[in-house]
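Spelled out, the chains give:
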Amino acid sequence: MKRSNRLVLLVGVFLAVVAFVGIAVILGGGNTGGPPAASIPTTLNTVIAVQDIPLGTIVKAEMLKTEPRNIATDRKAGAFANPELVIGQTTRRPITTGAQLEAADFIDTHSVTDIAVPAGKLAMAIQVDQVSGVGTLIKTGDYVDMIVGLTGDKFPVVTLDQTTKSITVVAGLNSTSVKLLLSGMQVLGTQLPPPPAAAEGAPAPSGQPVTGLNAGGLENVIV
């Protein structure tokens, strides 16, 4: 083979190798270090109140909007991203216009730190037990009626003798009387009692949860 023919052959092989490498780089996206790194989102959808939502309100779709908020700077850690998660739930604290809706808005912690009494209203604290307070089913924002039950020995039915002016208790009649005192009161907060040991000034036993009502304990309901 002539010298010129060899040179042409070598040049052809070199160009073929260069072309192969170029095609491989193009098909591989120019990344020889593995798949591209996934981008980290900086914003997330956030559910926002478009109006004031009072305590005890069942949330509706028209009360909400969804907009992106920066995760690092202006989005609460417990904020909701999907409005369907809160529609139909009852608020356990007031929510103001523009506020982000979060899980704490729908949880009654049974711990009162501050009470916002509506203008023109008065609040009072009432102690209830497991029976009169329906266990711990009464939650902040609920509406309740206050009734009183009077047993026959405390409020008996009597008759008055007009002649002798004597009073006689009527036995076996109306042994218990129930009267409605107040109707439609809204619960502004609930407070569970401390466990027995803590109530006496001693530390609570290790591992004993401070939840629910103690046996025979009382719960403070503020209405």
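Residues numbered from 1 in each chain as written. Predicted model: local features only at pLDDT ≥ 70, side-chain atom pairs only at ≥ 80, totals over all residues. Heavy atoms only, no water.

Caption draft 1: Looking closely at the overall build of the protein. Across its full length, the protein carries two helices and nine strands. Its helices and strands taken in sequence order, the protein reads α-β-β-β-β-β-β-β-β-α-β from the N to the C terminus. Here the contacts in the protein between residues at least 6 apart in sequence split such that 69% fall between residues at least 24 apart. (Helix = DSSP H or I, 4+ residues; strand = E, 2+ residues; numbered from the N terminus. Contact = heavy atoms within 4.5 Å.)

Caption draft 2: Spatial organisation of the nonpolar core. Membership of the largest hydrophobic core is limited to twelve residues, which are Val47, Ala49, Ile53, Val59, Met63, Leu64, Phe80, Val86, Ile95, Ala99, Leu101 and Phe106. In this structure Val47 touches Leu64, Lys65, Thr66, Phe80, Ala81, Asn82, Pro83, Val86, Ala99, Gln100 and Leu101, once residues within four positions along its chain are discounted. If you look at the next biggest cluster of nonpolar residues, it comprises five residues, including Ile138, Val144, Met146 and Met185. (Core = buried A, V, L, I, M, F, W, Y, C linked by side-chain atoms within 4.5 Å. Buried < 20%, exposed > 50% of the residue type's maximum accessible area, 1.4 Å probe, protein only.)

Caption draft 3: How the structure looks around the pattern of salt bridges. Applying the stated rule across the entire model yields six salt bridges. Between Lys65 and Glu67 there is a salt bridge; the shortest N-O distance is 3.4 Å. Asp142 is the partner of Arg92 in a salt bridge, and the nearest nitrogen-oxygen pair spans 2.9 Å. Taken together, the residues span a long stretch of sequence, with Arg92 in the loop between strand S2 (64–70) and strand S3 (125–128) and Asp142 in the loop between S3 and strand S4 (143–151) at a distance of 50 residues. What makes Asp142 partly exposed here is its relative accessible area of 22%. Bridged by salt links that share partners, the residues Lys76, Arg93, Glu102 and Asp105 form one connected network. (Salt bridge = Lys/Arg side-chain N within 4 Å of Asp/Glu carboxyl O.)

Caption draft 4: Looking closely at the environment of Asn70. Residue position: Asn70 is located in strand S2. A residue is classified by how much of its surface remains accessible, and Asn70, at 25% relative accessible area, is partly exposed. C-alpha separation for the pair Asn70 and Thr42, spaced 28 residues apart in sequence, amounts to 5.8 Å. When neighbours within four sequence positions are excluded, Asn70 is seen to be in contact with Thr42, Thr43 and Arg75. Polar side-chain contacts of Asn70 include one of 3.1 Å to the backbone nitrogen of Thr73. (Polar contact = N/O pair within 3.5 Å; in protein donor to acceptor, adjacent residues only side chain to side chain.)

Caption draft 5: Quick look at the side chain of His110. Along the polypeptide, His110 turns up in the loop between S2 and S3. The buried category is assigned to His110, whose relative accessible area is 14%. A polar contact of 2.8 Å, which involves the side chain of His110, links it to the side chain of Thr190.

Caption draft 6: Up close: a nonpolar patch on the surface. Together, Val158, Leu160, Ile167 and Val169 line one region of the surface with nonpolar side chains, adding up to about 380 Å² of accessible area. Along the polypeptide, Leu160 turns up in strand S5 (residues 158–160). (Patch = residues over 30% accessible without salt bridge, like charges linked within 9 Å, V, L, I, M, F, W, Y side chains within 5 Å. Areas by Shrake-Rupley, 256 points an atom, 1.4 Å probe, with all protein chains shown as cover.)

Caption draft 7: Broad picture of the confidence of the model for the protein. Here the protein shows a mean pLDDT of 77. Residues at 70 or above account for 70%. When the criterion is pLDDT under 50, residues 204–217 qualifies, and its contacts beyond four places in sequence or with other chains add up to 24 contacts. (pLDDT = per-residue confidence, 0-100.)

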